[in-house]
Amino acid sequence: MTLQRQSLRELVNEEFGTPVEASDDPEITEVGTTALEVLRLNPNRLGFTTFNLSSAKMYLMFSPRVSSTNGFVLGPNGGFATFFYKNDAMLPGRSWWIIADAGSSALKTVEYQTT
């Protein structure tokens, strides 16, 4: 029996039965002390990961009322949150908001969506 090698793209597309793309969000690279919509509503989004690249804490929530007492904490210097439909049902496709303890705080978001 000969095993065929598949690329990562082929494996992922086979698992989902449709092409899947991972894309960076180049528009939003900084967040401050005012809530900012980091991901818009997208029913084709399977999941996403947001990384905190700053020295300040960040808070992520599926509501514009995100705050230090109402959000998932992304710790400084590499803290991150990942949401994926297999674990989080419909949450990844919702609109997501973020806020930081300090202005001009760097972040990186990667989303995974069907094409």
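The structure this text deals with has already been given above.
In this text, all values refer to a predicted model and were calculated from it rather than measured experimentally.

What counts as what
- Residues numbered from 1 in each chain as written.
- Predicted model: local features only at pLDDT ≥ 70, side-chain atom pairs only at ≥ 80, totals over all residues.
- Heavy atoms only, no water.
- Core = buried A, V, L, I, M, F, W, Y, C linked by side-chain atoms within 4.5 Å.
- Buried < 20%, exposed > 50% of the residue type's maximum accessible area, 1.4 Å probe, protein only.
- Helix = DSSP H or I, 4+ residues; strand = E, 2+ residues; numbered from the N terminus.
- Contact = heavy atoms within 4.5 Å.
- Phe/Tyr/Trp six-rings, centres within 6.5 Å; stacked < 30°, edge-to-face > 60°.
- Salt bridge = Lys/Arg side-chain N within 4 Å of Asp/Glu carboxyl O.
- Pairing = 2+ DSSP bridges.

### Looking at the nonpolar core
Next up, step 1: One finds Val38, Met58, Leu60, Trp96, Ile98 and Leu107 to be the most contacted residues of the largest nonpolar core, which totals 14 residues.
Next up, step 2: Of all the secondary-structure elements, those providing two or more residues to this core are strand S3 (36–39), strand S5 (58–61), strand S7 (80–84) and strand S8 (96–100).
Next up, step 3: Looking at this core, the element that brings in the most residues is S8, giving three residues.
Next up, step 4: Excluding anything up to four places from it in sequence, leucine 107 contacts Ile28, Thr29, Glu30, Val31, Val38, Thr50, Phe51, Leu53, Met58 and Ile98.

### Some thoughts on the packing of aromatic side chains
Next up, step 1: Inspection of every chain in the model, using the stated rule, returns 10 aromatic pairs.
Next up, step 2: The structure contains a cluster of three or more aromatic residues connected by ring pairs, namely Phe48, Phe62, Phe72, Phe83 and Trp96.

### Examining the pattern of salt bridges
Next up, step 1: All told, the structure shown has four salt bridges when counted by the stated rule.
Next up, step 2: Arginine 9 is the partner of glutamate 21 in a salt bridge, and the nearest nitrogen-oxygen pair spans 3.0 Å. A residue pair is termed long-range when its members are at least 10 positions apart, and glutamate 21 in strand S1 (residues 20–24) and arginine 9 in helix H1 (residues 8–16) qualify at 12 residues.
Next up, step 3: Residue classification places arginine 9 among the partly exposed residues on the basis of a relative accessible area of 49%.
Next up, step 4: Salt-bridge contacts for glutamate 15 lead to lysine 86; the nearest nitrogen and oxygen are separated by 2.6 Å. One end of the pair, glutamate 15, is in helix H1; the other, lysine 86, is in helix H2 (residues 85–88), with 71 residues separating them in the sequence.

### Section: unusual backbone geometry
Glycine aside, the phi torsion of most residues is negative, and most peptide linkages are trans.
Next up, step 1: Positive phi, close to 55°, is recorded for asparagine 77, a residue that is not glycine.
Next up, step 2: You can see asparagine 77 is positioned in the loop between strand S6 (72–74) and S7.

### Brief notes about the environment of asparagine 42
Next up, step 1: Here asparagine 42 is to be found in the loop between S3 and strand S4 (45–52).
Next up, step 2: Ignoring anything within four residues of it in the chain, the contact list for asparagine 42 reads Gly93, Glu111 and Gln113.

### Notes on the pairing of S8
Next up, step 1: Across the five residues that make up S8, a large majority, four, are buried.
Next up, step 2: Taken together, the four bridges between S5 and S8 define a ladder with antiparallel strand orientation. Note that in S8 the partner of methionine 61 across the bridge is tryptophan 97.

From the geometry alone we can't say anything about function, so treat these as descriptive.
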